[in-house]
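Spelled out from the first residue to the last, the chains are:
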Amino acid sequence: MAQDNNNGQEQRLDFVRQIVADDNKTGKWGGRVVTRFPPEPNGYLHIGHAKSICLNFGIAAENPGGRCHLRFDDTNPEKEEQEYVDSILQDVRWLGWDWGEHLYYASDYFDRMYEYAVQLVKAGKAYVCDLTAEQTREFRGTLTEPGRHSPYRNRSIDENLDLLERMRAGEFPDGSRTLRAKIDMAHPNVSMRDPVMYRILHASHHRSGDKWCIYPMYDWAHGLEDSIERITHSICTLEFENHRPLYDWFLDALGVYHPRQIEFARLNLTYTVMSKRKLLRLVKDGLADGWDDPRMPTISGMRRRGYSPAAIREFCRVIGVNKFNSTVDFALLEHCLRQDLNRTSPRVMAVLRPLKVVITNYPENVEDLLDCVNNPEDPAAGSRKVPFGRVIYIERDDFMEEPPKKFFRLAPGREVRLRYAYFIKCNGVIKNDQGEVVELHCTFDPHTRGGDAPDGRKVAATLHWVSAEHALDAEVRLYDHLFTRENPDDVPEGEDFTAGINPDSLKVLTGCKVEPSLADAKPLDRFQFERLGYFCLDPDAAPGKLIFNRTVTLKDTWAKVQKTQTD
């Protein structure tokens, strides 16, 4: 079976969507399609989560009457905070998805989970164990050797019920007892060797407060949450494949509604770490400036850097869904980003490293308002007026006093075009005491207004510029990869991933000059600075204090790679 992609071309369904389509065809779930995105609120979402979000919400949206639940797996109060809950809600909504009335929390089901645990104890399928965590690991065995029975495995049902109730009442200290499923200590799948269902943890929960001092383990809670919500397709990442037999065992042992668990490969991206533990380390150790640092792969960081929701959704569509692990080139993400920003971003002019230019034959105190196209990709975006005057700024890199053979920009005696303005020719170079160029003297041709010469003469370069009198000061932050290695974990023995931190991942430029239209920019507004790249206004900006983050350069390395492969 196939479906249309965004370009109207037919493409084959990925294996997850094919399963859903087959189930719909056979009527397995009565025509229902109910998925869920179940984040644990112990950190900020990252680009890997975006893949899961787009898959789960996307499948629901593609099927008539389908829905996707947003469910917080808040079963570990020691690591969970309301801050993370709020950020996840914001990120999922920003990506363009809506859960409607279907917002749930695992903690909503704590009472029912406990009742189900009692049911298993009464059926002789769960027991209270007094082994410590270390002893439990020792008794579990290895991949090649079976485990050993806990000495507490054959407690009577009545004793187990009594101990479980006392665990719940808070009688015992943390870690002193657990509730375990009674399955098979010789099972070839280690996950099935009497897994822990509940542990004692005297910790206040961000929603339930101090009501509970025993908390369910993920494997126990996961399937029950899906069952209670009557999920049809429980879509997980590949590391949960070995846990699927346990998911099935719990639901079958209880005789309750049983969704289907499907596993897909998680996203791995070059120059990026996806582990929440490692991302938290970057934040805690000050190697990143918070979860929303624009160098972070978090959705909040990418939003602050200037990524658009459409670009992230398109990236998730392009990479597809597979059953095998692989690593995606970061350049593909940037390619999707450039494609969207090219279509949607207004063009403006900004000079990051300004060099003063005096146009000596231009009249003083005369302002010329020039028509500039806002977006050549979108005629409906119209145009704007940009002021021009006797003194302007150009990029320092656009001038060389002694240019090499292939340098076509401004040089002594050479003529270039100013974007939307005039041809100018460099006639003089002013230097400071250190011999550095600080000012250029040029002349302009008034007959070339708009950028073309009536006599048909051509120039080899077009430069962007801003009027010195009208320009606004700005700070510009140039971001690059946070890591120098494609695989940040590929480090010498004895070092960890932080050894590959890129010392040049952020360069802050001050004294930049931008055109006056940017005075009205709002935080997170996106622009193309002509010839420089895509930028957005940082939330730290304030009236009279413009701060722009570089989202991505104009150069598209992925497009070049693709062209090379097809040539």
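Nothing here was measured: the structure is a model prediction, and the numbers come from that model.

### Comments concerning the overall build of the protein
- The helix and strand inventory of the protein stands at 13 helices and 29 strands.
- Taken along its principal axes, the extent of the C-alpha atoms in the protein is 100 × 55 × 45 Å.
- Relative to its full complement of 567 residues, the protein shows a buried share of 52%.
- Of the contacts formed within the protein by residues at least 6 apart in sequence, a portion of 69% connects residues at least 24 apart.
- In the structure as shown, the protein presents an accessible area of about 26100 Å², 46% of it carried by carbon and sulfur atoms.
- In the protein, the 76 positive side-chain charges and the 87 negative ones have mean positions that sit 3 Å from each other.

### So, the layout of surface pockets
- Roughly 1200 Å³ of volume is contained in the largest pocket.
- Lining the largest pocket are 41 residues, and of these E40, N42, H49, F240 and K276 lie nearest its centre.
- Looking at the lining of the largest pocket, its residues break down into 15 nonpolar, 10 polar and 16 charged.

### Examining the pattern of salt bridges
- Applying the stated rule across the entire model yields 46 salt bridges.
- Measuring nitrogen to oxygen at the nearest pair gives 2.8 Å for the salt bridge that ties R244 to E263. Taken together, the residues R244 in helix α8 (residues 244–254) and E263 in strand β11 (residues 260–264) connect sequence positions 19 residues apart.
- Across the pair R384 and E515 runs a salt bridge, and its minimum N-O distance is 2.7 Å. Within this pair, whereas R384 is found in strand β18 (residues 383–388), its partner E515 is found in the loop between β26 (506–514) and β27 (526–529), the two being separated by 131 residues in sequence.

### Topic: helix α2 (residues 47–62)
- When the terminal C-alpha atoms of α2 are compared, their 22 Å separation across 16 residues agrees well with the 22 Å that a helix rising 1.5 Å per residue should span.
- Buried residues dominate α2, accounting for 14 of its 16 residues.

### Describing the packing of aromatic side chains
- All chains considered together, the criterion is met by 21 aromatic pairs.
- For the pair F529 and F548, a centre-to-centre distance of 5.3 Å together with 70° between the ring planes defines the contact as edge-to-face. Separated by 19 residues along the polypeptide, F529 in strand β27 and F548 in strand β29 (residues 546–552) bring together distant segments of the chain.
- Under the relative-accessibility criterion, F548 is labelled buried at 0%.
- Put simply, the rings of Y362, F388, Y422, F444 and W465 pair up and form one aromatic cluster.
- The aromatic ring of F139 is capped on one face by R148, whose charged end is 4.1 Å from the ring centroid.
- If you follow R168 out to its NZ or CZ, it ends over the ring of Y114, 4.5 Å from the centre.

### Comments concerning helix α3 (residues 82–94)
- For α3, spanning 13 residues, the distance from its first C-alpha to its last is 18 Å, which sits close to the expected 18 Å at 1.5 Å a residue.
- When we look at burial in α3, the residues that qualify are Y84, V85, S87, I88, L89, D91, V92 and W94.
- Looking one or two residues beyond α3, the residue adopting positive phi is G96, at roughly 105°.

### Re the sheet that holds strand β20 (residues 415–418)
- Pairing in this open sheet of 7 strands is mixed, and the strands run β23-β20-β21-β22-β16-β19-β24 from one edge to the other. The sheet terminates laterally at β23 (462–463) and β24 (466–467), the two strands that pair on one side only.
- The pairing of strand β16 (residues 354–359) with strand β19 (residues 391–395) spans 5 bridges and is antiparallel. When the sheet's bridge partners are listed, V357 is paired in β19 with I392.

### Comments concerning unusual backbone geometry
- Here Y271, not a glycine, exhibits a phi torsion of approximately 60°, which is positive.
- Looking at the element boundaries, Y271 is found in the loop between β12 (268–269) and α9 (276–284).
- Although it is not a glycine, R531 adopts a positive phi angle of roughly 70°.
- Assignment of secondary structure puts R531 in the loop between β27 and β28 (533–537).
- Since its relative accessible area comes to 37%, R531 is described here as partly exposed.

### Comments concerning the packing of helix α4 (residues 110–122) against helix α7 (residues 218–228)
- Here α4 crosses α7 at 110°, and the two axes come no closer than 11 Å. With respect to α7, the axis of α4 lies roughly perpendicular. The handedness of the crossing between α4 and α7 comes out as right-handed. Counting all contacts with α4, which are made through R112, M113, Y116, A117 and L120, the residues of α7 involved are W220, A221, L224, E225 and I228.
- Class assignment of the residues belonging to the contact of α4 with α7 gives a composition of 8 nonpolar, no polar and 2 charged.

### Digging into the environment of D496
- Within the fold, D496 resides in the loop between β25 (472–479) and β26.
- The exposure class assigned to D496 is partly exposed, which follows from its relative accessible area of 29%.
- Leave out the neighbours within four places in its chain, and D496 touches R281 and V491.
- At 2.9 Å, the side chain of D496 and the side chain of R281 are in polar contact.

Rules of the game
Residues numbered from 1 in each chain as written. Predicted model: local features only at pLDDT ≥ 70, side-chain atom pairs only at ≥ 80, totals over all residues. Heavy atoms only, no water. Helix = DSSP H or I, 4+ residues; strand = E, 2+ residues; numbered from the N terminus. Buried < 20%, exposed > 50% of the residue type's maximum accessible area, 1.4 Å probe, protein only. Contact = heavy atoms within 4.5 Å. Areas by Shrake-Rupley, 256 points an atom, 1.4 Å probe, with all protein chains shown as cover. Lys, Arg positive; Asp, Glu negative; His and termini not counted. Charge placed at Lys NZ, Arg CZ, Asp CG, Glu CD. 1 Å grid on protein atoms, 1.4 Å probe; cavity = no way out; pocket = protein on both sides within 12 Å on 5 of 7 lines; lining within 4 Å. Points joined across faces, edges and corners; volume = space filled by probe spheres on them. Nonpolar A, V, L, I, M, F, W, Y, C, P; charged D, E, K, R; others polar. Salt bridge = Lys/Arg side-chain N within 4 Å of Asp/Glu carboxyl O. Expected span 1.5 Å × (residues − 1). Phe/Tyr/Trp six-rings, centres within 6.5 Å; stacked < 30°, edge-to-face > 60°. Lys NZ or Arg CZ within 6 Å of the ring centre and 35° of its normal. Pairing = 2+ DSSP bridges. Axes fitted to C-alpha atoms, helices over the stretch in contact; angles between N-to-C directions. Parallel < 35°, antiparallel > 145°, perpendicular 65-115°, else oblique. Left-handed = near helix turned anticlockwise from the far one by under 90°. Polar contact = N/O pair within 3.5 Å; in protein donor to acceptor, adjacent residues only side chain to side chain.

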